[in-house]
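Structural overview for review
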Amino acid sequence: MAAVGTCGSMNFLFFSLSLGLGLGIGILVSQYFGAKQQDMVGSIIGNSIYVLGSTAIIVSILGILSSPQLLRLLATPDSIIGDSIIYMRMTCIGMLPIAVYNGVTCIIRALGDSKTPLYFLILSSIVNVILDLVFVLTLGWGVFGVAFATVIAQCVAAVTSVIYAYVRIPYFRLSKEQMKPRIPMIISSIKLGIPVALQNSMIAISCMALQGIVNQYGETVMAAYTITGRIEQIVQQPYGSLGMALTTYSGQNMGARKLERVKQGYRQAVIIALVFSICMIPVAYLFGRQIIEAFVKEPEVVEIGMTALRVTSLCYFGLGMIYIPRAVLNGCGDTGFAMLNGITEVVCRLAYSQFFTRIPVLGFWGIWVTTGATWITTAVVCVIRYMRGRWKAKVVVKEGKVQVVG
C-alpha cells in the first residue's frame, strides 16, 4: 500500500499532459460539433493522433528514466523504494494506451455520448481486479503484479475504445486528407490543452511535495494517507463526471452561441454537487471505520484513516466547486484560467502543509487539514473567475478557425 501510494502524485504528473491535451482536443470537437461544422471534426481527430501519440511516448521514456531520482526526492523510505521504482516504471509503460483511451473517450463525450466511455472503464476495471487477484494472490508477483495488471487493463480500454469508435462513429473513419498534419489545428489543440496539462502538472508537483511531508511520518501515516486518497478519488467521481459533462455541454452551447444555457447548466450542477456533498458527510462519520477496513486491517492505520476521512468530508463541497466552474470555463475556451487554478493549488498545498503540520496540536493531522483548506481556497478562486464572466466573450469557432478573443 505504501509503495503504490507514494507513486500516486508522480503518476498524475506523468498522465497530466495526455489528459490535458485530450481535453483540449475534446473542446475543439465539441465546439465545432455545436457549430455544425462537421467537416472539421474528422480533421481534428486525425491530427490528435500526432499530438497524443508523440506526447505519450516522450513522457513514457522520461518517466522510466527519472523514476529513481524522483522517488528519492520524495524521501521515500528505503524499505519500499525498490517496489516503488518497479511500480512507477511499469505504469510509465502504459502511457500510450492511456493517451489513446483518453483521447478517444474525450472525443466521444464531445459528440454527446457520455455512457460508452463508462462501459470501457467498467470493462477495464473488471480486467484489472481479476488480474490483480491472479498476479498477486495466485502467482505472488507483488507490486509488479499490481502494476502489470494495470497496464494490461489500460491496453484493453484503449483497444476496445478504438474499435468501437471506428465501427460505430463515422467521424473516426478517417480519409487520407483528414490524416494529413495540419499545423494550425495541432497548435490550436496544444493551446487549449497545454494550460490544462500544466495545471494538472502543477497540482501533481504540489501533491508530490505533500507526499514528501507524509513520507517523513513513516509507513503507517503513508498507508493511511494512501487509503484516504483512494477514497477521495471515488468521492471525486461524481464531481469529475459533472465536470466532463459540463465541458462538453458548455463547448457545444458556446459553439452555438447559447450562453444562457451555459449558465443554466452551471446552476444545476452546483445544486447536484451540494446535495451529494451533504450526503457524504454522515457516510464518512457513520461508516468511516468500515470503509477504511475494506482496505486494511492494521488498527493504527484504521484509526488514523477514519479520523482523516471525517476531516476531509467536511470540505467535499469545496472540492466539487473546483470541478464545476473549471469545467464550464474550459468548455467555453477559457483554458488559460487553468494555469491560475493550478498555481493556486500549488501555493495553497505548499503553504498550508508547512503551516498546519508545524502546529504541535495537529502534527501529521495537518496533512488532511491542508487537503481540505486547499480545496476550499481553490474553489473560491474558481467561482470568482466564473462570476467575472470573461468566458462569455470567448469566441472559439469563427469562420472555420479557432480564435479566442475577449
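Further up the page is the structure itself.
The model shown is predicted, which means the values in this text are computed figures rather than measured ones. (Residues numbered from 1 in each chain as written. Predicted model: local features only at pLDDT ≥ 70, side-chain atom pairs only at ≥ 80, totals over all residues. Heavy atoms only, no water.)

1. Some remarks on the overall build of the protein
Keep this limit in mind: Put simply, DSSP H or I for four residues or longer makes a helix, DSSP E for two residues or longer makes a strand, and each gets a number counted from the N terminus. Our radius of gyration is a C-alpha quantity, and the globule rule it is checked against amounts to 2.2 Å times the number of residues to the power 0.38. Categorising residues by exposure relies on relative accessible area from a 1.4 Å probe, with only protein chains included: less than 20% of the type maximum marks a residue as buried, more than 50% marks it as exposed, and the intermediate range marks it as partly exposed. Only heavy atoms matter for contacts: two residues are in contact if any of them lie within 4.5 Å across the pair. Per-residue and other accessible areas follow the Shrake-Rupley method at a 1.4 Å probe size, with only the shown protein chains counted as cover for residues.
Counting its secondary structure elements, the protein contains 15 helices and 2 strands. Rg of the C-alpha trace for the protein: 21 Å, near the compact-globule value of 22 Å for 406 residues, within the 12% margin. Principal-axis analysis of the C-alpha atoms places the extent of the protein at approximately 60 × 45 × 35 Å. Scored against the burial criterion, the 406 residues of the protein give a buried share of 55%. Restricting the contact set of the protein to residue pairs at least 6 apart, pairs at least 24 apart contribute 80%. In the form shown here, the protein has an accessible surface area of approximately 17600 Å², with 69% of it arising from carbon and sulfur atoms.

2. Some thoughts on the pattern of salt bridges
Side chains carrying opposite charge are able to pair once their charged atoms draw close together. Basically, it comes down to this: Whenever a carboxyl oxygen of Asp or Glu lies within 4 Å of a side-chain nitrogen of Lys or Arg, that contact is scored as a salt bridge.
In total, this model carries 7 salt bridges according to the counting rule given. Salt-bridge contacts for Lys-180 lead to Glu-177; the nearest nitrogen and oxygen are separated by 3.3 Å. Lys-180 gets classed as partly exposed once you look at its relative accessible area, which sits at 45%. Between Glu-260 and Lys-263 there is a salt bridge, and its shortest N-O distance comes to 3.3 Å. Taken as a pair, Glu-260 and Lys-263 lie in helix H11 (residues 259-293) at a separation of 3 residues, close to a single helical turn. Residue classification places Lys-263 among the partly exposed residues on the basis of a relative accessible area of 22%. Connected through salt bridges with shared partners, the residues Glu-177, Lys-180 and Arg-182 form a single ionic network.

3. Examining a nonpolar patch on the surface
As a reminder, the rule being used: Patches in this entry comprise residues that are over 30% relatively accessible and not in a salt bridge; like charges within 9 Å are linked, as are nonpolar side chains (Val, Leu, Ile, Met, Phe, Trp, Tyr) within 5 Å.
Together, Ile-86, Leu-118, Tyr-119, Leu-121, Ile-122, Ile-126, Ile-130, Val-134, Leu-139, Trp-141 and Phe-144 make up a nonpolar patch on the protein surface, roughly 960 Å² of accessible area in all. Tallying contributions element by element places helix H6 (residues 115-138) first for the nonpolar patch, with 7 residues. Note that Leu-139 resides in the loop between H6 and helix H7 (142-168).

4. Things to note about the packing of aromatic side chains
Cut-off, in case you're wondering: Paired rings are identified among Phe, Tyr and Trp, the last through its six-membered ring, by centres lying within 6.5 Å, and are further divided according to the angle between planes into stacked (under 30 degrees), edge-to-face (over 60) and tilted (the rest). Lysine and arginine charges are scored as sitting over a ring when NZ or CZ, respectively, is within 6 Å of the ring centre and within 35 degrees of the ring normal.
Applying the stated criterion across every chain, the model contains 17 aromatic pairs. Pairwise contacts between aromatic rings join Tyr-217, Tyr-225, Phe-364, Trp-365 and Trp-368 into one cluster. When the ring centre of Tyr-323 is taken as origin, the NZ or CZ atom of Arg-326, which lies over that ring, is 5.3 Å away.

5. Quick notes on the state of the cysteines
Formally: Here, a disulfide means two cysteine sulfur atoms that sit within 2.5 Å of each other.
All chains considered together, the criterion is met by 0 disulfides. Free cysteine: Cys-155, not disulfide-bonded; nearest cysteine sulfur from Cys-92 at 14 Å.

6. Considerations on the side chain of Asn-253
Just so we agree on the cut-off: Under this definition, polar contacts are N or O atom pairs within 3.5 Å; protein pairs additionally need one hydrogen-donor-capable and one acceptor-capable atom, and for neighbouring residues in sequence, both atoms have to be side-chain atoms.
Along the chain, Asn-253 turns up in helix H10 (residues 219-255). Asn-253 sits in the buried class, given a relative accessible area of 8%. Of note is the side chain of Asn-253, whose polar atom sits 2.8 Å from the backbone oxygen of Tyr-249. In contact with Asn-253, other than residues within four places in its own chain, are Lys-258, Arg-261 and Val-262.

7. Some thoughts on the environment of Ala-157
Along the polypeptide, Ala-157 turns up in helix H7. Considering only alpha carbons, one finds Ala-157 and Val-383, 226 residues apart in sequence, at a separation of 34 Å. Not counting chain neighbours up to four residues away, the residues in contact with Ala-157 comprise Tyr-101, Phe-120 and Ser-124.

8. Quick look at the nonpolar core
Condition: What makes a nonpolar core is a set of buried Ala, Val, Leu, Ile, Met, Phe, Trp, Tyr and Cys residues whose side-chain atoms join them at distances within 4.5 Å.
Formed by 72 residues in total, the largest nonpolar core has its most connected members in Met-10, Phe-14, Ile-324 and Trp-368. Ignoring sequence-local partners within four residues, the contact set of Trp-368 consists of Val-221, Ala-224, Tyr-225, Thr-228, Ile-304, Ala-308, Val-311 and Thr-312. One finds Ile-25, Val-29, Ala-99 and Ile-108 within the second-largest nonpolar core, a separate group that totals 29 residues.

9. Re H10
Our working rule: What a helix is expected to span follows from its residue count: subtract one and scale by 1.5 Å. Fitting one axis to the seven residues ending at a residue and another to the seven starting there, the bend at that residue is the angle between the two axes.
For H10, with 37 residues, the first-to-last C-alpha span of 50 Å sits near the 54 Å given by 1.5 Å per residue. Maximum bend of H10: about 40 degrees, positioned at Gln-237, with proline Pro-238 one to four residues after it. Immediately beyond the C-terminal end of H10, within one or two residues, lies Arg-257, with a positive phi of roughly 60 degrees.

10. Looking at the environment of Ala-224
Tracing the sequence through the fold places Ala-224 in helix H10. The exposure class of Ala-224 is buried, given its relative accessible area of 0%. C-alpha separation for the pair Ala-224 and Val-214, spaced 10 residues apart in sequence, amounts to 9.9 Å. Setting aside its immediate chain neighbours within four residues, Ala-224 contacts Val-301, Ile-304, Gly-305 and Trp-368.

11. Thoughts on the packing of helix H9 (residues 183-215) against H10
The geometry of a pair of packed helices is captured by two quantities: the angle between their axes and the separation between those axes. Stated formally: Fitted lines through C-alpha atoms serve as axes, helices being fitted only where they are in contact, and the angles separating the N-to-C directions of these axes extend from 0 to 180 degrees. Should an angle lie under 35 degrees it is considered roughly parallel, over 145 roughly antiparallel, and from 65 to 115 roughly perpendicular; all remaining angles are considered oblique. Amino acid classes used here: Ala, Val, Leu, Ile, Met, Phe, Trp, Tyr, Cys and Pro are nonpolar; Asp, Glu, Lys and Arg are charged; the rest, including Gly, are polar.
Packing of H9 against H10 leaves a shortest axis separation of 8 Å and a crossing angle of 140 degrees. On the basis of the axis angle, H9 is oblique to H10. Between H9 and H10, the residues in contact are Leu-210, Gln-211, Val-214 and Asn-215 and Val-221, Met-222 and Tyr-225, respectively. Each residue belonging to the contact of H9 with H10 can be placed in one class, and the counts come to 5 nonpolar, 2 polar and no charged.

12. Overview of the side chain of Thr-357
Within the element layout of this structure, Thr-357 appears in the loop between helix H14 (337-356) and helix H15 (366-388). A relative accessible area of 13% means that Thr-357 is categorised as buried. There is a polar contact of 2.4 Å between the side chain of Thr-357 and the backbone oxygen of Ser-353. Once residues lying within four places of it in the same chain are set aside, the contact partners of Thr-357 are Ile-213, Tyr-217, Tyr-352, Gly-363, Gly-366 and Ile-367.

Read these as spatial facts, not as claims about activity.
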